[in-house]
Amino acid sequence: MTKRDFLIQLQRTLGGRLESAKIAEHTAYYEEYIEIQVRKGSDEEKVIEALGAPELIAKSILNAEYDSKPHLNEATFYSLGTRLKSVCGDLGEKIGRKARDWFNRLK
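Visitor: Please clarify how the overall build of the protein should be interpreted in this entry.
Guide: The number of helices and strands found in the protein is 5 helices and 0 strands. Overall, the protein shows an N-to-C arrangement of helices and strands of α-α-α-α-α. At 28 Å, the protein has a C-alpha radius of gyration far larger than the 13 Å of a compact globule built from 107 residues. Based on the C-alpha atoms only, the size of the protein along its principal axes is roughly 95 × 30 × 15 Å. Considering only intrachain contacts with a sequence separation of at least 6, the fraction spanning at least 24 residues in the protein is 64%. Accessible surface for the protein amounts to roughly 8500 Å². Of this, 54% is attributable to carbon and sulfur atoms. Seen as two clouds, the 18 positive and the 17 negative side-chain charges of the protein have centres 15 Å apart.

Right, dumping it as C-alpha cells:
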C-alpha cells in the first residue's frame, strides 16, 4: 500500500464520524510520520505495513475522541429526570388552574 492509499483509506474511514478539521489533523500526523521514516531510510511500504490497517487506526482514533468527551452518567440522568418531573408538575398545575378559571368563566 502506498502512502497516498493509506491516507485516503484513513480519511474515508474517519469521514462522517469526525469534524473535517480533526480528520485533517490526524491525516497530517500520519503523513508526516511516514515521510520522516522514509527520510530516515525506511521503505515506505514497510513503514505503512508496520503502522497497520488504516481502519484499525481510525477505530483507535474514534475511541480516543469518544473517551476524551464528557458523558452523562446514571446519577446525572436521574438528577435531570427529577428536575424535569418537578418542572412538568409545576407546569401541569398552572395549566390546570388556567383551565379551571376558563371553565368557571363559561358558567
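Visitor: Just to check I follow, could you spell out the packing of aromatic side chains for this structure?
Guide: The description of an aromatic ring pair uses the distance of the two centres, along with the angle that the planes make with each other. A complete count under the given rule lists 3 aromatic pairs for this structure. For the pair Phe6 and Tyr30, a centre-to-centre distance of 6.1 Å together with 55° between the ring planes defines the contact as tilted. Taken as a pair, Phe6 in helix α1 (residues 3–14) and Tyr30 in helix α2 (residues 20–39) lie far apart in primary sequence, 24 residues in all. Of the two residues examined, Phe6 and Tyr30, each falls in the buried class.

Visitor: Please explain the nonpolar core as it appears in this structure.
Guide: When a protein is soluble and globular, its nonpolar side chains tend to lie buried together. Judged by nonpolar contacts, the single largest core of 14 residues is most densely connected at Phe6, Leu10, Leu14, Leu18, Tyr30, Ile57 and Ile61. If you list the elements that add at least two residues to this core, you get α1, α2, α3 (44–51) and α4 (54–67). Not counting chain neighbours up to four residues away, the residues in contact with Ile57 comprise Phe6, Leu10, Tyr30, Leu51 and Gly52.

Visitor: I keep staring at a nonpolar patch on the surface and nothing clicks. Help me out?
Guide: Where nonpolar side chains cluster on the molecular surface, the patch consists of Trp102, Phe103 and Leu106 and spans about 360 Å² of accessible area. Relative to the helices and strands, Trp102 resides in helix α5 (residues 74–106).

Visitor: What exactly am I supposed to notice about the packing of α2 against α3 here?
Guide: Two packed helices can be described by the angle between their axes and the distance between those axes. Across the interface, α2 lies against α3 with an axial gap of 9 Å and an inter-helix angle of 135°. The orientation of α2 with respect to α3, classified from their angle, is oblique. Between α2 and α3 the crossing geometry is right-handed. Contacts between α2 and α3 involve Tyr30, Tyr33, Ile34, Gln37 and Val38 from the former and Glu44, Val47, Ile48 and Leu51 from the latter. Classifying every residue of the contact of α2 with α3 gives 7 nonpolar, 1 polar and 1 charged.

Rules behind the numbers
- Residues numbered from 1 in each chain as written.
- Predicted model: local features only at pLDDT ≥ 70, side-chain atom pairs only at ≥ 80, totals over all residues.
- Heavy atoms only, no water.
- Helix = DSSP H or I, 4+ residues; strand = E, 2+ residues; numbered from the N terminus.
- Rg over C-alpha atoms; globule rule 2.2 N^0.38 Å.
- Contact = heavy atoms within 4.5 Å.
- Areas by Shrake-Rupley, 256 points an atom, 1.4 Å probe, with all protein chains shown as cover.
- Lys, Arg positive; Asp, Glu negative; His and termini not counted.
- Charge placed at Lys NZ, Arg CZ, Asp CG, Glu CD.
- Phe/Tyr/Trp six-rings, centres within 6.5 Å; stacked < 30°, edge-to-face > 60°.
- Buried < 20%, exposed > 50% of the residue type's maximum accessible area, 1.4 Å probe, protein only.
- Core = buried A, V, L, I, M, F, W, Y, C linked by side-chain atoms within 4.5 Å.
- Patch = residues over 30% accessible without salt bridge, like charges linked within 9 Å, V, L, I, M, F, W, Y side chains within 5 Å.
- Salt bridge = Lys/Arg side-chain N within 4 Å of Asp/Glu carboxyl O.
- Axes fitted to C-alpha atoms, helices over the stretch in contact; angles between N-to-C directions.
- Parallel < 35°, antiparallel > 145°, perpendicular 65-115°, else oblique.
- Left-handed = near helix turned anticlockwise from the far one by under 90°.
- Nonpolar A, V, L, I, M, F, W, Y, C, P; charged D, E, K, R; others polar.

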